[in-house]
Amino acid sequence: MDKLSTKKHHLIWELATFSKRNIARAITKAQLITGTYIFQSKSAKFNSEPETCLLCASICEDIVHFICDCPALGVTRNKFLQLWCNQFKLIFSENNLCQLLQDKVVLTQAVLDISKCISSGLLPTITRQKHIKIEQSSLILCHALHRDRTTQLQQSGLMSGLQHRRSRMVKTTDVVGA
């Protein structure tokens, strides 16, 4: 397990300034990174619900399914993952992107925390400014997926009371867009 520094905060909190939207994005991303975002795979461990994704009903809903696979989130994913990939190609290279896209677990890790891919040697070291750019596009992608998922669950009546209260904590009602 990686040691967490108590003296250094994650870059997402530096970017969570100036607007409710940025704070909401940071909260969503923090939940995804720390494993506190409630997917069906986690919910099923504590009650008798199935692990199957409530949106697509095809396979176990976990973080990789959420970021890479769920067809119900496809439109949002295509739009915002394309923006992330474009930013990634500007910072790294087309070859590095092709490597990431071959492995959904590695792609998920890169979206969640690019610094882990850099520290493991999978990607080259980048400047702080470039790290900020890729992190900003990652925050937008993760929050857009969260908002789409939450909206679809609410519209279908599948969101439990607890999940609804938690999603409202990270939802900005006065801001339009992701």
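These remarks concern the structure in this document. Note that the coordinates shown come from a computational prediction; the quantities given were computed from them, not determined experimentally.

### A word on the overall build of the protein chain
So, step 1. The helix and strand inventory of the protein chain stands at 10 helices and zero strands.
So, step 2. Each helix (α) and strand (β) of the protein chain, taken in turn from the N terminus, gives the series α-α-α-α-α-α-α-α-α-α.
So, step 3. Counting the 178 residues in the protein chain, one finds 44% classified as buried.
So, step 4. Within the protein chain, residue pairs in contact and separated by at least 24 positions form 58% of the contacts whose partners lie at least 6 positions apart.
So, step 5. As presented, the protein chain carries roughly 10,000 Å² of accessible surface, and 56% of it is formed by carbon and sulfur atoms.

### Structural notes on the packing of helix α5 (residues 74-91) against helix α6 (residues 94-102)
So, step 1. Contact geometry of α5 with α6 gives a least axis separation of 8 Å together with a crossing angle of 135°. As summarised for this structure, α5 and α6 are arranged oblique, according to the angle between their axes. As for the relative orientation of α5 and α6, their crossing is right-handed in sense. For the pair α5 and α6, contact is made by W84, C85, F88 and K89 and by E94, N96, L97 and L100, respectively.
So, step 2. In the contact of α5 with α6, the residues fall into five nonpolar, one polar and two charged.

### Re the pattern of salt bridges
So, step 1. What the rule picks out here adds up to four salt bridges.
So, step 2. We note a salt bridge from D69 to K104, for which the minimum N-O separation is 2.6 Å. Note that D69 is positioned in helix α4 (residues 63-69) and K104 in helix α7 (residues 104-112), a separation of 35 residues in sequence.
So, step 3. Taking the shortest distance from any N to any O, the salt bridge between E94 and K89 comes out at 3.9 Å.
So, step 4. According to the relative accessible area criterion, K89 is partly exposed, its value standing at 31%.

### Quick look at the nonpolar core
So, step 1. If you look at the biggest cluster of nonpolar residues, it comprises 36 residues, and the most contacted ones within it are F66, W84, F88, F92 and I114.
So, step 2. Beyond its immediate chain neighbours, meaning those up to four positions away, F88 contacts S93, N96, L97, L100, I114, L123 and I134.

### Considering unusual backbone geometry
So, step 1. A positive phi angle is found at A57, which is not glycine, with a value near 55°.
So, step 2. Judged by its relative accessible area of 58%, A57 falls in the exposed class.

### Examining the packing of aromatic side chains
So, step 1. One pass over the structure, following the stated rule, counts five aromatic pairs.
So, step 2. Aromatic side chains F88 and F92 sit 4.6 Å apart centroid to centroid with 35° between the ring planes, which places their arrangement in the tilted category.
So, step 3. Taking the relative accessible area as the measure of exposure, F92 reaches 11% and is therefore buried.
So, step 4. Taken together, the aromatic side chains of Y37, F39 and F66 make up a single cluster linked through ring pairs.

### Focus: the environment of A26
So, step 1. You can see A26 is positioned in helix α2 (residues 20-34).
So, step 2. Using a relative accessible area of 0% as the deciding quantity, one classes A26 as buried.
So, step 3. Each C-alpha atom of the pair A26 and E14 lies 9.2 Å from the other, and the pair is 12 residues apart in sequence.

Conventions adopted
Residues numbered from 1 in each chain as written. Predicted model: local features only at pLDDT ≥ 70, side-chain atom pairs only at ≥ 80, totals over all residues. Heavy atoms only, no water. Helix = DSSP H or I, 4+ residues; strand = E, 2+ residues; numbered from the N terminus. Buried < 20%, exposed > 50% of the residue type's maximum accessible area, 1.4 Å probe, protein only. Contact = heavy atoms within 4.5 Å. Areas by Shrake-Rupley, 256 points an atom, 1.4 Å probe, with all protein chains shown as cover. Axes fitted to C-alpha atoms, helices over the stretch in contact; angles between N-to-C directions. Parallel < 35°, antiparallel > 145°, perpendicular 65-115°, else oblique. Left-handed = near helix turned anticlockwise from the far one by under 90°. Nonpolar A, V, L, I, M, F, W, Y, C, P; charged D, E, K, R; others polar. Salt bridge = Lys/Arg side-chain N within 4 Å of Asp/Glu carboxyl O. Core = buried A, V, L, I, M, F, W, Y, C linked by side-chain atoms within 4.5 Å. Phe/Tyr/Trp six-rings, centres within 6.5 Å; stacked < 30°, edge-to-face > 60°.

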